[in-house]
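Structural overview for review
One letter stands for each residue in the lines below.
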Amino acid sequence: MLHASLSAFLGSLFVLLAGANVWVMLHASGRSEDHAAHTRLMRAHRLVGYTFILLFCVFFYFMALRIKGVPDELPPRLTFHIILALLLIPILLVKVLIARYYRQYSSALLFLGVTIFALSFALVAMNLVPYLLGRAASTGAPAPLSLGFFLTVCSGLGFLLLRRPRQPTPAGSRATPNDSTDRLTADASRPEIRTRRSSSLRLQLARIDVQTHDTKTLRFLVAEKDRFAARPGQFLTFRWQIDGKAVPRSYSISSSPTQSAYVEITPKRVPDGYVSAFLNDHAAVGLEVEASGPFGQFYFDEGRDRRIVLLAGGSGITPMMSMLQYIDDRCLRTSVTLIYCVRTRNDVIFAHDLTRLRRRLHEFRMVLVLSQPDPGWNGPRGRVSRDLIATHVEDFSSAIIFLCGPTPFMESVQGILGSLAVRSECIKRESFGYAPPGGSAVVDAASPLQSAIEFVRSGTLCGVPPGKTLLEVAEMCGVGIPAGCRQGRCGTCITKLLQGDVHMDSEEGLEAGEKAEGYILMCVARPRGNVKVDA
């Protein structure tokens, strides 16, 4: 009796582990934007998976002992039981190999997990169900067991059928007057919002590498107490201390995210660039700076992006270098085509690194375009054209396009991609030195000359001068709102819009889910009429 009860318990645990693994994978796919949560879920997936394999090995051993000495002709049910167990072995092996060594095929893990769950359920049910039915037929099921089974089934069905997912507010950045302020505390204390606002890195400059006459790569060591994890292509927002003033600027990470002990940026000196001139001319080893992040939706995802096209102009190569080095570090088989446009050969940033990567990455093709070539240049020249892109990119339907560089370059290439019928959802853009089109003020002709903003949490009501952003108004009225890049990129100033409507010059720092829930970026948000915000 004790042996049978233990077998029933272990069998149930076996199925629960398989089901838990599927649930963790589904939950992790929904948290792909939250890197920390996704990492925790994947660790849980590995722990549950290896526990499942250990339990399977124990079961298989005892099953082998059970059939030892049995005549050649096995009972049909036992035969089918052995076949199912044998089927599990190669499936488990393939799943482990993909999870550890062939992550470019990670999209198959969920299918394999569901298959393992189904086979595990069949294996256990074949023995457990006849055992339970046999006991019920001979002695009658104990009342506590019947009641427990009934309550468990009802609870599970009730949870699945009656529980409703939380409904987000309508898409966009509009909130209705009926939105309740009772959820202020819950919204403001969301873990991902708190993390985004409070995450801070203490960095120290340890190395400077000259790339070109006007570009340097700065390597910063991450303090041991800080935990740094980024995706290839994201950026950090720095608070530089220059002449006694704190000056925020955002810079793309140019090093591989696999290097967690340091982070590199590659600033290019620009005309009248206050910070870029300081970093290129005066920054010295030992310089300390505080940074927040990483931020941005412009990143390479190895599970999603099997084939990528990188279109870079000038210093727009910096986030793409992070992607290329990550692909090299992880030995991924991602197909990469880079079209890189600069003025002259002397303006090629990462020239040595790109040459090294062309030798190491077999699926990497690079096209260098010079707009002001020297007489000895035999490669493509002039601007990036439609014919050039069409010649070097064979099939756009299966590729993700990453576009980064100066605004004129980006607008020109965006138009070319549109003429080639490339879908907008396949194009990811990152712009440097963003300036809102048409000036800094965007005023709706139907709006009054002066709107009002109510900071509900602070109990403050302020008028909004035409053209001012909500962050500028908050600072004028003494309402503290954390801010970083002031360009709508880093997401530090994200705040819940409770009522009214706004126009945002940029939405790069907002994730799709945050926008759907009514969050806005205060640094680029301008009101269309009276508004209320959770601040």
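This write-up is about the structure you can find in this document. (Residues numbered from 1 in each chain as written. Predicted model: local features only at pLDDT ≥ 70, side-chain atom pairs only at ≥ 80, totals over all residues. Heavy atoms only, no water.)

1. Quick word on the nonpolar core
We apply this condition: Throughout, nonpolar core names a set of buried Ala, Val, Leu, Ile, Met, Phe, Trp, Tyr and Cys residues whose side chains join them through atoms within 4.5 Å. Think of it in three bands: residues with accessible area under 20% of the maximum for their type are buried, residues over 50% are exposed, and the middle band is partly exposed, with areas taken using a 1.4 Å probe on protein chains only. We count a stretch as a helix when DSSP gives it H or I for four or more residues in a row; a strand needs E for two or more, and each element gets its number in order from the N terminus. Any two residues having at least one pair of non-hydrogen atoms within 4.5 Å are treated as being in contact.
Residues Leu-310, Met-320, Leu-338, Tyr-340, Leu-354 and Phe-402 are the most contacted members of the largest nonpolar core, which totals 31 residues. Taken together, the elements giving at least two residues each to this core come down to β8 (307-313), α9 (317-329), β9 (335-342), α10 (351-360), β10 (364-370) and β11 (400-405). For this core, the element with the most residues is α9, which contributes seven residues. Excluding anything up to four places from it in sequence, Tyr-340 contacts Ala-312, Gly-313, Gly-314, Ile-317, Asp-347, Val-348, Ile-349, Leu-354, Met-366, Val-367, Leu-368 and Val-369.

2. Here we look at a nonpolar patch on the surface
Defined as follows: Each patch groups residues whose relative accessible area exceeds 30% and which form no salt bridge, using 9 Å between like charges and 5 Å between nonpolar side chains of Val, Leu, Ile, Met, Phe, Trp and Tyr. To measure how exposed things are, a 1.4 Å probe is used in the Shrake-Rupley method; for residues, cover is taken only from the protein chains shown. We define a salt bridge as a contact between a side-chain nitrogen of Lys or Arg and a carboxyl oxygen of Asp or Glu at a distance within 4 Å.
A contiguous nonpolar surface patch, about 510 Å² in accessible area, is contributed by Leu-54, Val-58, Tyr-61, Phe-62 and Leu-65. Tracing the backbone shows Leu-65 in helix α2 (residues 35-67).

3. Thoughts on the state of the cysteines
This is how the line gets drawn: Two cysteine sulfur atoms form a disulfide, by the criterion used here, when they sit within 2.5 Å.
On inspection of all chains with the given rule, the structure shows one disulfide. Covalent S-S linkage joins Cys-462 and Cys-477, the inter-sulfur distance amounting to 2.2 Å. Linking Cys-462 in strand β14 (residues 460-464) with Cys-477 in the loop between α13 (470-476) and β15 (494-504), this pair joins segments that are 15 residues apart in sequence. Here Cys-462 falls in the buried class, since its relative accessible area comes to 8%.

4. Re the packing of aromatic side chains
Quick note on the threshold: Stacked, tilted and edge-to-face are the three classes assigned to paired rings of Phe, Tyr and Trp, where Trp is represented by its six-membered ring and a pair needs centres within 6.5 Å; plane angles under 30 degrees give stacked, over 60 edge-to-face, the rest tilted. Only when the NZ atom of a Lys or the CZ atom of an Arg is both within 6 Å of the ring centre and within 35 degrees of the ring normal do we say a charge sits over the ring.
Applying the stated criterion to the full structure yields nine aromatic pairs. Between Phe-300 and Tyr-326, the aromatic rings sit 6.3 Å apart at their centres with planes inclined by 70°, giving edge-to-face as the arrangement. Residue Phe-300 is located in the loop between β7 (288-295) and β8, and its partner Tyr-326 is located in helix α9; the two are separated by 26 residues in the primary sequence. Take Tyr-326: its relative accessible area is 10%, and that puts it in the buried class. Ring-pair connections join several aromatic residues into one group, and the members of that group are Phe-220, Phe-238, Trp-240 and Tyr-251. Across the ring face of Tyr-262, the terminal group of Arg-219 is positioned such that the distance to the ring centre comes to 3.8 Å.

5. Description of the sheet that holds strand β3 (residues 215-222)
We apply this condition: Only strands that DSSP links by at least two bridges are regarded as paired with each other. Axis definition: a line fit to C-alpha positions, over the contact stretch in the case of helices; interaxial angles, taken between N-to-C directions, run 0 to 180 degrees.
The strand order across the open sheet built from six strands is β5-β4-β7-β2-β3-β6, with neighbouring strands paired in antiparallel fashion. With one partner strand each, in any of the chains shown, β5 (245-252) and β6 (262-265) form the two edges of the open sheet. Within the sheet, the average angular offset between the axes of one strand and its neighbour, ignoring direction, is 35°. Both strand β4 (residues 235-242) and β7 contribute to a ladder of four bridges, which runs antiparallel. The residue bridging Arg-239 from the neighbouring strand is Glu-290, located in β7.

6. Considerations on the environment of Arg-219
Rule in force here: Whenever a nitrogen or oxygen atom comes within 3.5 Å of another N or O atom, the pair is scored as a polar contact, on the condition that within protein one atom can donate a hydrogen and the other can accept it, and that pairs from neighbouring residues in sequence are kept only if both atoms are in side chains.
Locating Arg-219 in the fold gives a position in strand β3. In contact with Arg-219, other than residues within four places in its own chain, are Gln-204, Leu-205, Ala-206, Arg-207, Tyr-262, Val-263 and Glu-264. Side chain to side chain, Arg-219 and Glu-264 meet in a polar contact 2.7 Å long.

7. Considerations on empty space enclosed by the protein
Operational definition: In the cavity and pocket records, a cavity denotes points on a 1 Å grid over the protein atoms alone where a 1.4 Å probe fits but cannot get out, a pocket denotes an open set with protein on both sides within 12 Å along at least 5 of 7 lines, and lining residues are residues with an atom within 4 Å of a point. Grid points are joined across faces, edges and corners, and a volume is the space filled by probe spheres set on the points. Three classes are used: nonpolar for Ala, Val, Leu, Ile, Met, Phe, Trp, Tyr, Cys and Pro, charged for Asp, Glu, Lys and Arg, and polar for all others, with Gly counted as polar.
As enumerated under the stated definition, the model contains four cavities of 30 Å³ or more in all. Of the voids in this model, the largest cavity is the one considered here, and its volume is about 220 Å³. Taken together, 16 residues line the largest cavity, and the ones lying closest to its centre are Asn-21, His-45, Gly-49, Lys-95 and Val-96. Mapped by element, the contributors of at least two residues to the lining of the largest cavity are α1 (2-30), α2, α3 (76-100) and α4 (109-139). The greatest single-element share of the lining of the largest cavity, amounting to six residues, is contributed by α2. Its residues assigned to classes, the lining of the largest cavity shows nine nonpolar, four polar and three charged.

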